[in-house]
Amino acid sequence: MNQILLNGLVLGSYYALISLSVSIIYTPARFFHFAHGAVFTSAAYFCLGFHALPGMPFWMAAALGVAAAGLVGMALDLIVYRRLRKRGASSLVMLMASLGLYIVLQNLISLIFGDDTKSLRSLETSEGVQLLGGKITLIQFCMFFGSVAAILFLLITIKCTTLGKEMRAVANDATLARIHGIKVDSVILTAFALGSLLVGLAAVLHAMDTGMVPTMGLGAMMGGAVAMILGGVGNHFGAVVGGALLGIAQQLVTWKFGNQWQDTTVFVVLIVLLVARPQGLFGTVLSKGKA
């Protein structure tokens, strides 16, 4: 059981990182950025491409891959979403646009790199070290503590900085925020940058552990979205807690019923939550102001 809980904490930290990245973008932008899944995938493949360059150390390739994901996220907002906002597009239109972007970007990655599974391992494979009554590999160790460090940094930044206050203001009422001199488009662009950097880090860590395929962003986004809803839409701390709980739940179900039920757990949790507590564990009600 200790091993199951340890695995759940590692997986939960991964989901928490993705969930927080989804929440950071969703809160001011007010739509589910489905193309975030393609940004996730792009980070791992950018890292793979940079690492293939002669003399490129892995740590630098990983950093460049995460940074490239941030640039991709910002480009999507600047080129597509901002133009749609200026035309008064509804959340549904934005969602459909993001779905189209996801499909285009995923197929572009498949075209360039192929559909086969690729490895991004940079650390020696080991049996793991004893920790809390279980074993954890060096890659899992990096995944857990890397995720926790990034999450804490972002939560503190959002809570204690002017940027965080502006993001909350835009989330509560974008029109009122604009009247008070807040540059709404700049705040949303920054949210896309931060969210994309976070999800890029999650992708690189995930690819180091299990490898990568062009379609891996879909499962990551579904898990992240469910974790965000579980914690409460609009609550970044709740998104982190939701990710941790989802990871532990998946590991418990896998231990009890087998790997084939792992993905099913995500949607079972979603259905039960929507019926029992639609606002989530720490849910807050957002106003209807448009960005």
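Scope of this entry: the structure provided in the associated data block. (Residues numbered from 1 in each chain as written. Predicted model: local features only at pLDDT ≥ 70, side-chain atom pairs only at ≥ 80, totals over all residues. Heavy atoms only, no water.)

**What to know about the overall build of the protein**
- Across its full length, the protein carries eleven helices and two strands.
- In terms of overall dimensions, the protein is globule-like: its C-alpha atoms have a radius of gyration of 19 Å, near the 19 Å expected for 291 residues.
- With the C-alpha coordinates of the protein rotated into their principal frame, the extents come out at 60 × 50 × 35 Å.
- By residue count, 49% of the 291 residues in the protein fall in the buried class.
- Long-range pairs, those at least 24 residues apart, make up 79% of the contacts in the protein with a sequence separation of at least 6.
- Working note: accessible area of the protein is about 13700 Å², and carbon and sulfur atoms make up 69% of it.
- Here the protein carries 18 positive and 10 negative side-chain charges, and the mean point of each set is 14 Å from the other. (Helix = DSSP H or I, 4+ residues; strand = E, 2+ residues; numbered from the N terminus. Rg over C-alpha atoms; globule rule 2.2 N^0.38 Å. Buried < 20%, exposed > 50% of the residue type's maximum accessible area, 1.4 Å probe, protein only. Contact = heavy atoms within 4.5 Å. Areas by Shrake-Rupley, 256 points an atom, 1.4 Å probe, with all protein chains shown as cover. Lys, Arg positive; Asp, Glu negative; His and termini not counted. Charge placed at Lys NZ, Arg CZ, Asp CG, Glu CD.)

**Details of the pattern of salt bridges**
- Inspection of every chain in the model, using the stated rule, returns four salt bridges.
- Between Arg85 and Asp77 there is a salt bridge, and its shortest N-O distance comes to 2.9 Å. For the pair Arg85 and Asp77, one class covers both residues: buried.
- Taking the shortest distance from any N to any O, the salt bridge between Asp185 and Arg85 comes out at 3.3 Å. Of the two residues, Asp185 is situated in helix H8 (residues 184-210) and Arg85 in helix H3 (residues 58-86); the sequence distance between them amounts to 100 residues. (Salt bridge = Lys/Arg side-chain N within 4 Å of Asp/Glu carboxyl O.)

**Overview of the packing of aromatic side chains**
- Tallied over the entire structure, the rule returns ten aromatic pairs.
- Ring plane angle 20° and centroid distance 6.2 Å describe the contact between Phe46 and Phe50, whose orientation is recorded as stacked. Here the residue Phe46 and the residue Phe50 both occupy positions in helix H2 (residues 36-51), the gap between them amounting to four residues, near one helical turn.
- On the basis of an interplanar angle of 45° and a centroid distance of 4.5 Å, the ring pair of Phe141 and Phe145 is categorised as tilted. Note that Phe141 and Phe145 are positioned in helix H5 (residues 138-160) at a spacing of four residues, about one turn of the helix.
- For Phe141, a relative accessible area of 37% gives the class partly exposed.
- Connected via pairs of aromatic rings, a cluster forms that spans Tyr14, Tyr15 and Phe40. (Phe/Tyr/Trp six-rings, centres within 6.5 Å; stacked < 30°, edge-to-face > 60°.)

**Comments concerning the packing of H2 against H3**
- Close contact between H2 and H3 brings their axes to 7 Å; oriented N to C, the two are set at 140°. One way to sum up the angle between H2 and H3 is to call them oblique. By crossing handedness, the relation of H2 to H3 is classed as right-handed. Residues Val39, Ser42, Ala43, Phe46, Cys47, Phe50 and His51 of H2 form the contact with H3, whose participating residues are Phe58, Ala61, Ala62, Leu64, Gly65, Ala68, Ala69, Val72, Gly73 and Leu76.
- Residues belonging to the contact of H2 with H3 are distributed by class as follows: 13 nonpolar, four polar and no charged. (Axes fitted to C-alpha atoms, helices over the stretch in contact; angles between N-to-C directions. Parallel < 35°, antiparallel > 145°, perpendicular 65-115°, else oblique. Left-handed = near helix turned anticlockwise from the far one by under 90°. Nonpolar A, V, L, I, M, F, W, Y, C, P; charged D, E, K, R; others polar.)

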